[in-house]
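Understanding the architecture of this molecule
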Amino acid sequence: MSEHNKDIVRRFLEEAWNKGNVGAMDELFIRDVVVHGFPLQTPGLEGFKEGARMYKVAFPDGHAVIEDVLAEGDKVVTRWTYTGTHKGEMMGIPPTGKRVTFTGIIIDRIAGGKIAEHWVEFDMLGVLQQLGVVPQPGQSGR
Amino acid sequence: MPYEDNAKLARNIYDAFNKGDFERCLSLATEDVEIVLVPFGQVFRGREGFRTFMQGFKTAFPDLTINPTNQVSAEGAVVNEFRAKGTHTGSLFGPAGEIPATGNKIDYAVIEVWGIRDSRLASIRNYFDSATLMQQLGLVPFPERVSGGATAFTASPAENKVMVRRLFEEGINRGSTAVIQELIGPSYVNHDFPTPVPGPEGFKQMLGMFRSGFPDLRVDLHDVLAEGDKAASRGTWHGTHQGEFMGIPATGKRIAVTYTDIWRFENGKLVENWVQMDLMGLMQQLGVAPAPGPASK
C-alpha cells in the first residue's frame with residue numbers, strides 16, 4: 001500500500017508539475033483536498049489546480065526531481081528539487097528570465113486512493129531572492 | 001548528455017524492467033554493456049548478459065519493482081539508490097548455487113553505479129546488502145541486537161520515531177545536551193542549515209544560534225513518520241525575538257514558523273537532516289520582509 005501511495009504522489013509531480021498536465025490531478029486528489037503551506041485563491045482541488053497552472057506559466061520548463069520518498073501508514077513524505085526559468089508572470093511579478101532552483105518537502109495523506117490532505121514546505125523567500133525581487137534580510141535597501 | 005538525462009535514462013530503464021519489457025531495456029543499453037553484481041562476484045556481458053541478469057531477478061522475485069529514491073548524476077554516470085522489494089517465489093542463482101523459492105518477502109538496500117555512454121547504459125556495478133538478503137531468505141540467522149544502541153544494524157522505524165520525538169522534546173524543548181549527545185551521530189550534517197562542525201557539537205552550535213535570537217525557542221511536533229532508515233517530522237517553531245537573528249536586531253515579536261524535515265539514521269543515531277522551513281513567514285512575522293505582488297506567498 002505504501003508503494004501505491006508513493007506512486008500517487010510521484011504521478012502528481014510528474015504529470016502536474018513536470019508535464020503541465022494539471023487535469024491529471026482530478027484522479028489523484030479529492031475535490032475538497034486541504035492544502036497547507038501553499039495559499040490558494042479558491043479552496044480545494046480547483047484552487048490547487050489553478051496554483052499548479054500558475055507555476056507552469058511562470059516556469060514553463062519547470063521540472064521537479066524526486067530526491068527522497070518515505071511512507072508510513074496513510075502518509076507519504078517526498079523531498080524534491082524544482083528547477084525552472086522565470087519566463088511568465090508569477091504572483092504579479094513580471095518574468096525576470098532568471099533560473100531558480102529550490103527544494104521542497106511535501107507530506108501527502110492518502111484516503112481512498114486519493115490525496116486528501118497536502119502539506120508543502122519550501123523556501124519561497126529563497127525563490128524571491130533568486131528572482132532578485134527581495135533583498136537578503138538585514139541589507140539596507142536594494 | 002546533460003546530467004539529468006542520465007537520471008531519466010535510468011528511470012526509463014527501471015520502468016521497462018518493472019513492466020518486464022526487457023527488449024526496451026536492451027535497446028537502451030550499449031552492445032558491450034557490462035553488469036557486475038558485486039556481492040555475488042558475478043559478471044554479465046553484452047545485451048544477452050544484461051538479459052540474463054534481469055531475468056535472474058525477475059524469475060526469483062516476479063513482483064520485484066525498482067523505483068530509485070535517490071539519484072546522483074554526473075558526466076557519463078548516474079548512481080541510483082533504491083530498495084529491492086518482492087517475494088521469493090522462484091529460484092535465485094547465488095554464488096553458491098541455486099536457492100529454491102522460499103516464499104519469503106525481501107526488502108533490502110541497493111546502490112547501482114551506472115556508466116552512460118552515447119545516451120545508453122554502458123555499465124552497472126550493483127552493490128546490495130547481501131547479508132540482509134541471505135537473512136531474509138532464511139539462509140543465515142539474524143544477529144542478536146546489542147542493547148544500548150551501538151550496533152551495525154539499523155533500528156526499527158518505531159525506534160527511529162521515538163528518537164526524533166526525544167530529540168525535539170528533550171534535546172530541544174527541555175534543553176538536554178546529554179540527549180543531543182546521545183542521539184546525534186558523530187557524522188551528523190544538516191543539508192539546509194549547515195552546522196559549523198559535524199556531529200552533536202555542530203547541532204548544538206546551530207541550535208544555539210537560533211536560541212540566541214529566540215531564547216524561549218520551542219517546537220510543537222505535529223507528526224512523525226518513519227520508513228526504513230529515515231524519519232520525517234512536521235511541526236511549528238515558537239519563540240520571542242529577543243536577540244539579534246540573521247542580522248535583524250531584536251523586535252520582541254512572537255513567531256510561529258512551520259517546518260518539515262527528514263532524518264537519516266545510521267547505527268542507531270541521527271546522521272543526516274534535510275529541513276524546509278517557512279522562512280518567508282518568519283520574516284513577515286518579524287516585520288522585515290516586503291510582500292511582493294498581490295499574494296502573500
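Described below are features of the structure shown in this document.

The rules behind each value
Residues numbered from 1 in each chain as written. Chains lettered and ligands numbered in written order. Predicted model: local features only at pLDDT ≥ 70, side-chain atom pairs only at ≥ 80, totals over all residues. Contact = placed C-beta atoms within 7 Å. Helix = DSSP H or I, 4+ residues; strand = E, 2+ residues; numbered from the N terminus. Nonpolar A, V, L, I, M, F, W, Y, C, P; charged D, E, K, R; others polar. Pairing = 2+ DSSP bridges. Axes fitted to C-alpha atoms, helices over the stretch in contact; angles between N-to-C directions. Buried ≥ 20, exposed ≤ 12 C-beta atoms within 10 Å, placed from the backbone. Core = buried A, V, L, I, M, F, W, Y, C linked by C-beta atoms within 7 Å.

Now for the interface of chain A and chain B. At the interface, 30 residues of chain A touch 34 residues of chain B. If you list the elements that add at least two residues to the side of chain A that touches chain B, you get strand 2 (63-72), strand 3 (75-85), strand 4 (99-111), strand 5 (114-122) and helix 4 (124-130) of chain A. Considering every element that reaches the side of chain A that touches chain B, the biggest residue donor is strand 2 of chain A, with seven residues. Residues that form the side of chain A that touches chain B fall into these classes: 18 nonpolar, five polar and seven charged.

Attention now goes to the sheet that holds strand 13 (residues 269-277) of chain B. What links the strands of a sheet is backbone hydrogen bonding, and the strands pair in either a parallel or an antiparallel sense. Residue and element names in this part refer to chain B. Pairing in this open sheet of five strands is mixed, and the strands run 9-13-12-11-10 from one edge to the other. Where the open sheet ends on each side, the last strands, each with one partner, are strand 9 (184-190) and strand 10 (218-227). Geometrically, the sheet is characterised by an average inter-axis angle of 25 degrees between neighbouring strands, direction not taken into account. Looking at chain direction, strand 9 and strand 13 are connected through three bridges and run parallel. Bridged to I184 within strand 13 is L270. The strands touched by helix 5 (residues 157-173) are strand 10, strand 11 (230-240), strand 12 (254-266) and strand 13; relative to strand 10, the strand with the most contacts, the crossing angle is about 170 degrees. Relative to the sheet, helix 8 (residues 279-286) contacts strand 12 and strand 13, its axis offset from that of strand 12 by approximately 155 degrees.

Time to look at the environment of A77 of chain B. Residues and elements named next belong to chain B. With respect to the helices and strands, A77 occurs in strand 4 (residues 77-87). On the basis of neighbour counts, which here come to 16 C-beta atoms within 10 Å, the residue A77 falls in the partly exposed class. Taking the C-alpha atoms as reference points, A77 and A10, 67 residues apart in sequence, are found 10.0 Å from one another. The residues touching A77, leaving out its near neighbours within four places in the chain, are N6, V113, W114, G115 and I116.

Attention now moves to the environment of T236 of chain B. Residues and elements named next belong to chain B. Residue position: T236 is located in strand 11. Sequence separation of T236 and H222 is 14 residues, and the distance between their C-alpha atoms is 7.7 Å. Setting aside residues no more than four positions away along its own chain, T236 makes contact with D220, A256, V257 and T258.

This brings us to the nonpolar core. Formed by 50 residues in total, the largest nonpolar core has its most connected members in M25, F29 and V77 of chain A together with L167 and L270 of chain B. Excluding residues within four positions of it along the chain, V77 of chain A makes contact with L70, I105 and I107 of chain A together with L225, A232 and I262 of chain B. In this structure, A7, L9, C25 and L121 of chain B belong to the second largest nonpolar core, which totals 18 residues.

Below, the discussion takes up unusual backbone geometry. Residue and element names in this part refer to chain B. Positive phi, close to 60 degrees, is recorded for S119, a residue that is not glycine. Looking at the element boundaries, S119 is found in the loop between strand 7 (105-117) and strand 8 (120-128). Looking at S119, the number of C-beta atoms within 10 Å reads 11, which means it is exposed. Of note in this structure, M246 is not a glycine but carries a positive phi near 50 degrees. Mapped onto the secondary structure, M246 falls in the loop between strand 11 and strand 12.

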